[in-house]
Amino acid sequence: MSEITRSGGCQCGAVRFRIRGQLGRPSICHCRMCQKQFGSFFSALVTAPDEGLEWTRGEPTYFQSSANIDRGFCRNCGTPLTYRHPGGVEIAIGAFDVRDDLAPQIQVNHANRLPWVETIFEKPVLQDPDFYARQEQVISFQHPDHDTDAWPAGGLKI
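Residues numbered from 1 in each chain as written. Predicted model: local features only at pLDDT ≥ 70, side-chain atom pairs only at ≥ 80, totals over all residues. Heavy atoms only, no water.

The criterion, for reference: UniProt positions are given in the numbering used here, feature names are shortened, and annotations may be inferred rather than shown by experiment.
Looking at the Sequence similarities (unreviewed entry) heading of the UniProt record, one finds this comment for the protein chain: "Belongs to the Gfa family."

Below, the structure is given as structure tokens:
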């Protein structure tokens, strides 16, 4: 049986990782620190295996958010990447190249969730075909969702 290998990285491509081995349980965390780190309603994280994480291009910059925890991000584009704690390191699910099988299995700090987070997906869906056509005209400087042999240090630019 072959070893599981996954890759991912930040939005600009300055930081890339490879993980070998079985990932832990995917989760979302509603604590205020995670909300602020991700600039969102919650964080979505999955535990990396001990000794299985390798930084293949660059490395995160870390902010120590509390006595025992630091949070890694790309210093160039700001993408949240890691949550390091005494028990190990968790990786942002959104940073993986392939994410569709990493559905969270548990919610952490549920009592701290925003009250409306339970109903956000009940809201109407924008049905404007012109909006989506305009989005297709966007020129993306984002790193693709796969490893590349080379990538400009500051990301793509015109």
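Points about the UniProt feature "domain: CENP-V/GFA" (unreviewed entry) in the protein chain
Formally: Only DSSP runs of H or I reaching four residues or more are called helices, and only runs of E reaching two or more are called strands; each is numbered from the N terminus.
The UniProt feature table records "domain: CENP-V/GFA" (unreviewed entry) at residues 6-117. Helix makes up 6% of residues 6-117 and strand 42%, with an end-to-end C-alpha separation of 30 Å.

A closer look at the sheet that holds strand β8 (residues 80-85)
Condition: The rule for pairing is simple: two strands pair if DSSP sees at least two bridges between them. Lines fitted to the C-alpha atoms define the axes, with helices restricted to the stretch that makes contact. Angles between their N-to-C directions range from 0 to 180 degrees.
The seven strands lie next to each other as β6-β7-β8-β9-β4-β3-β10, forming an open sheet whose pairing is mixed. The outermost strands of the open sheet, each flanked by one partner alone, are β6 (61-66) and β10 (106-108). Across this sheet, the average inter-strand angle for adjacent strands is 30 degrees, counted without regard to direction. Relative to β10, strand β3 (residues 27-29) is paired through three bridges, and the arrangement is parallel. Looking across to β10, one finds that serine 27 is bridged to isoleucine 106.

Regarding the side chain of glutamate 90
Worth spelling out the cut-off: Under the scheme applied here, a residue whose accessible area is under 20% of the maximum for its type counts as buried, over 50% as exposed, and between as partly exposed, the area being computed with a 1.4 Å probe on protein chains only. The positive count covers Lys and Arg only, the negative count covers Asp and Glu only, and His and the chain ends enter neither. The salt bridge criterion pairs a side-chain nitrogen of Lys or Arg with a carboxyl oxygen of Asp or Glu, the two atoms within 4 Å. Any N or O atom pair separated by 3.5 Å or less is treated as a polar contact, with the protein-specific requirement of one donor-capable and one acceptor-capable atom, and with residues adjacent in sequence counted only for side-chain atom pairs. Residues are treated as being in contact if the distance between any of their heavy atoms lies within 4.5 Å.
Positionally, glutamate 90 belongs in strand β9 (residues 88-92). Within the buried core, glutamate 90 has no salt-bridge partner, and the shortest N-O distance to an opposite charge, that of arginine 25, equals 7.6 Å. Engagement of the side chain of glutamate 90 in a polar contact is seen with the side chain of histidine 85, the distance being 3.2 Å. Apart from residues lying up to four places away in sequence, glutamate 90 is in contact with Ser27, Leu45, Val46, Thr47, Ala48, Leu81, Thr82, Tyr83 and His85.

Re the pattern of salt bridges
Taken as a whole and judged by the stated rule, the model has seven salt bridges. In this structure, aspartate 101 engages arginine 6 in a salt bridge whose closest nitrogen and oxygen atoms are separated by 2.5 Å. Here aspartate 101, found in the loop between β9 and β10, pairs with arginine 6, found in strand β1 (residues 5-9); they are 95 residues apart in sequence, far enough to count as distant. A residue is classified by how much of its surface remains accessible, and aspartate 101, at 48% relative accessible area, is partly exposed. Among the salt bridges present, the one from arginine 20 reaches glutamate 54, with a minimum N-O distance of 3.1 Å. In this pair, arginine 20 is assigned in strand β2 (residues 16-20) and glutamate 54 in strand β5 (residues 53-57), connecting sequence segments 34 residues apart. With relative accessibility at 36%, the residue arginine 20 sits in the partly exposed group.

Digging into the sheet that holds β2
The strand order across the open sheet formed by three strands is β1-β2-β5, and the pairing between neighbours is antiparallel. The strands lining the two open edges of the sheet, one partner per strand, are β1 and β5. Going across the sheet, the axis of each strand differs from the next one's by a mean of 25 degrees, ignoring polarity.

Quick word on the packing of aromatic side chains
Counted only if it meets this: We call Phe, Tyr and Trp rings a pair once their centres come within 6.5 Å, taking the six-membered ring for Trp, and we label the pair stacked below 30 degrees between planes, edge-to-face above 60, and tilted otherwise.
A full pass over the atoms with the stated rule returns three aromatic pairs. Measuring from ring centre to ring centre gives 5.9 Å for phenylalanine 17 and tryptophan 55, while their planes differ by 85 degrees; the resulting arrangement is edge-to-face. Of this pair, phenylalanine 17 sits in strand β2 while tryptophan 55 sits in strand β5, placing them 38 residues apart in sequence. Residues phenylalanine 41 and tryptophan 116 carry aromatic rings whose centres are separated by 4.8 Å and whose planes lie at 85 degrees to one another, so their mutual orientation is edge-to-face. Taken as a pair, phenylalanine 41 in the loop between α1 (32-38) and β4 (43-47) and tryptophan 116 in the loop between β10 and α2 (129-135) lie far apart in primary sequence, 75 residues in all.

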